[in-house]
Amino acid sequence: MLIVKKFGGSSVADKEHIYNVAKRCIEDYQKGNDVVVVLSAMGKTTDRLLEMAKDFNPNPSKREVDMLLATGEQTSTALMSMAMGALGVPSVSLNAFQITMHTSSRYGNARFKKIDTQRIRHELENRKIVIVTGFQGINKYDDLTTLGRGGSDTTAVALAAVLHADSCEIYTDVEGVYTADPRIVPNAKKIPEITYDEMLELATLGAKVLHNRSVEMAKKYGVQLVVRSSLNNAEGTIVKEETDMESMLVSGVAIDKNTARIAVFGVKDTPGIAFKIFDLLARKNINVDVILQSIGREGTKDISFTVARDDAEETVAILEEHKSRITAKRIEMNDTVAKVSVVGAGMQSNPGVASRMFEALYNAGINIRMIATSEIRITVLINEEDVEKAMRAVHDQFIED
Ligand code: ASP
Ligand code: MG
């Protein structure tokens, strides 16, 4: 079997953790498997490097930031290979350049284009454990790029896809994917299996266990994933196309505080206004999420929507600049809101999920400001201060003890 194993920063935070991971990988290797290990940078290294960059230059070049960040994964992979060597097992660390993992040119948010497999295959044939730097790639200028925070998961899935791996295991400091964040909802349960679509909704909503692009890629290439703990042998969560859990109406509840609401008041109630507003934002790469348009009155209407909190100021500035073109009377921004969502593939065939969610929020005395739905998700926007109470209330409503 060819196994891809990915370990996150907390799993390789120090020497003890690195040796622990080395031993887990060696176990698989000694059973005769080909083992490819993808690593994140040790502990909080990436955060530290980013702080260092800001300290040297408050507005550093993105190319140089990627050059710097890529060192984090080179450190962890080299040390891992040294640990394996000390344990008497042949291994080799490889970075994006040595393998050649080609990406788009966008620094800080690059996407894989093509990954060469020759070097990895060659090392595996020589019975080495291959240890690969997560998170990084090479662009057409032969510069190092990074894939966005949490991107090592995507490296692991991409490698599993191109190598046609038999298994892709994502190791982290929790035992799998939970029905809610256990730090907020103490009776949250581990989910044995979840579909790609559900996982994608949860990952996009800020359940930080998997990078959302890794889930997209796993779905596209049919790579079955297992998310599990690097600290014990508990069975994790399997992420795949279809699950046998149709009876589970709601598989998880997620919250997202990285949101702000923008309200555009008094625009003309004529065709083309919404297009103008969202086109202006799309041109600046600003992602818009929940959208609400009021019923027109006296020839005008209001349009409100959410954006990521980091984009809120820029969004307001753009709209203010084009205020007359979009016929707006007033623009308001509120960044003390948050999203609560329920996700479940079972919703598609079961009506009533929305009303049960609203009932739970009503009973908890929480006011809903906006609502959005997809086939397998219902999201409400509420005041940020209510978010943890809301998560518990909604979780209790759908997930029995
Ligand atoms: N080290 C990178 C980060 O912290 C990538 C990763 O851990 O997945 O974002
Ligand atoms: Mg991660």
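Read on for an overview of the structure. (Residues numbered from 1 in each chain as written. Chains lettered and ligands numbered in written order. Predicted model: local features only at pLDDT ≥ 70, side-chain atom pairs only at ≥ 80, totals over all residues. Heavy atoms only, no water.)

### Observations concerning the site of ligand 1
Neighbouring residues of ligand 1: Ser-40, Ala-41, Thr-46, Glu-73, Phe-135, Arg-149, Gly-150, Gly-151 and Ser-152. At 2.9 Å from an oxygen atom of ligand 1 is found a side-chain nitrogen or oxygen belonging to Ser-40. One nitrogen or oxygen atom from the main chain of Ser-152 is found 3.0 Å from an oxygen atom belonging to ligand 1. Relative to its unbound accessible surface of 260 Å², ligand 1 loses 87% to contact with the protein. (Near = heavy atom within 4 Å. Polar contact = N/O pair within 3.5 Å; in protein donor to acceptor, adjacent residues only side chain to side chain. Areas by Shrake-Rupley, 256 points an atom, 1.4 Å probe, with all protein chains shown as cover.)

### Observations concerning the sheet that holds strand S15 (residues 288-293)
Reading across from one edge, S15-S16-S14-S17 is the order of the four strands in this open sheet, with antiparallel pairing throughout. Edge strands, defined here as strands with exactly one partner in the open sheet, are S15 and strand S17 (330-334). Here the strands of the sheet are splayed against their neighbours by 20° on average, with no regard to which way each runs. Alignment of strand S14 (residues 260-268) against strand S16 (residues 300-307), held across seven bridges, turns out to be antiparallel. In the sheet register, Ala-263 faces S16, and the bridge partner there is Ser-304. Sheet strands in contact with helix H9 (residues 273-283) are S14, S15 and S16, and its direction is about 25° off that of S16. Here helix H10 (residues 309-321) sits on the sheet and contacts S14, S16 and S17; the angle it forms with S14, its principal contact strand, is near 20°. (Pairing = 2+ DSSP bridges. Helix = DSSP H or I, 4+ residues; strand = E, 2+ residues; numbered from the N terminus. Axes fitted to C-alpha atoms, helices over the stretch in contact; angles between N-to-C directions. Contact = heavy atoms within 4.5 Å.)

### Comments concerning H9
All buried positions along H9 are accounted for by Ile-273, Ile-277, Phe-278, Leu-280 and Leu-281. Looking straight down H9, one finds that the buried residues subtend no more than 150° of arc, so they occupy a single side. Those residues of H9 that are exposed and aimed more than 90 degrees away from the buried face are Phe-275 and Arg-283. Where H9 is buried, its residues meet S14, S15, S16 and H10. Just downstream of H9, Asn-285 is the residue with a positive phi angle, here 60°. (Buried < 20%, exposed > 50% of the residue type's maximum accessible area, 1.4 Å probe, protein only. Arc of directions from axis to C-beta.)

### Some words on the environment of Cys-25
Of note, Cys-25 is situated in helix H1 (residues 15-30). Once the C-alpha coordinates of Cys-25 and Ile-3 are considered, the two residues, 22 residues apart in sequence, prove to be 9.5 Å apart. Excluding anything up to four places from it in sequence, Cys-25 contacts Lys-5, Phe-7, Val-35, Val-37, Met-84 and Ile-129.

### What about the pattern of salt bridges?
Between side chains of opposite charge, a pair can form when the charged atoms approach closely. Under the definition given, this model contains 25 salt bridges. In this structure, Lys-323 engages Glu-320 in a salt bridge whose closest nitrogen and oxygen atoms are separated by 3.7 Å. Of the residues examined, Lys-323 reaches a relative accessible area of 25% and is grouped as partly exposed. By sharing partners, the salt bridges in this structure join Lys-5, Asp-28 and Glu-169 into a single network. (Salt bridge = Lys/Arg side-chain N within 4 Å of Asp/Glu carboxyl O.)

### As for the layout of surface pockets
Empty space among the atoms becomes apparent when a probe as large as a water molecule is rolled across them. In this model, the second largest pocket occupies a volume close to 310 Å³. The wall of the second largest pocket is formed by 14 residues, among which Phe-112, Ala-158, Met-217, Lys-220 and Tyr-221 lie closest to the centre. Elements with a contribution of two residues or more to the lining of the second largest pocket: strand S5 (112-115), helix H6 (152-162) and helix H8 (212-221). With five residues, H8 is the single largest residue contributor to the lining of the second largest pocket. (1 Å grid on protein atoms, 1.4 Å probe; cavity = no way out; pocket = protein on both sides within 12 Å on 5 of 7 lines; lining within 4 Å. Points joined across faces, edges and corners; volume = space filled by probe spheres on them.)

### Thoughts on the nonpolar core
Counting 49 residues, the largest nonpolar core has Val-36, Ile-120, Val-132, Cys-168, Met-199 and Leu-210 as the members making the most contacts within it. Here this core takes six residues from H6, the largest share from any one element. Of all hydrophobic cores here, the second largest spans 24 residues; its members include Val-250, Ala-390, Val-394 and Ile-399. (Core = buried A, V, L, I, M, F, W, Y, C linked by side-chain atoms within 4.5 Å.)

### Things to note about the packing of aromatic side chains
Taken as a whole and judged by the stated rule, the model has two aromatic pairs. Measuring from centroid to centroid gives 4.6 Å for Phe-7 and Tyr-171, while their planes differ by 15°, and the two rings are stacked. Placement of Phe-7 in strand S1 (residues 2-7) and of Tyr-171 in strand S9 (residues 167-172) is noted, with a sequence separation of 164 residues between them. Just as Phe-7 is buried, Tyr-171 falls in that class too. (Phe/Tyr/Trp six-rings, centres within 6.5 Å; stacked < 30°, edge-to-face > 60°.)

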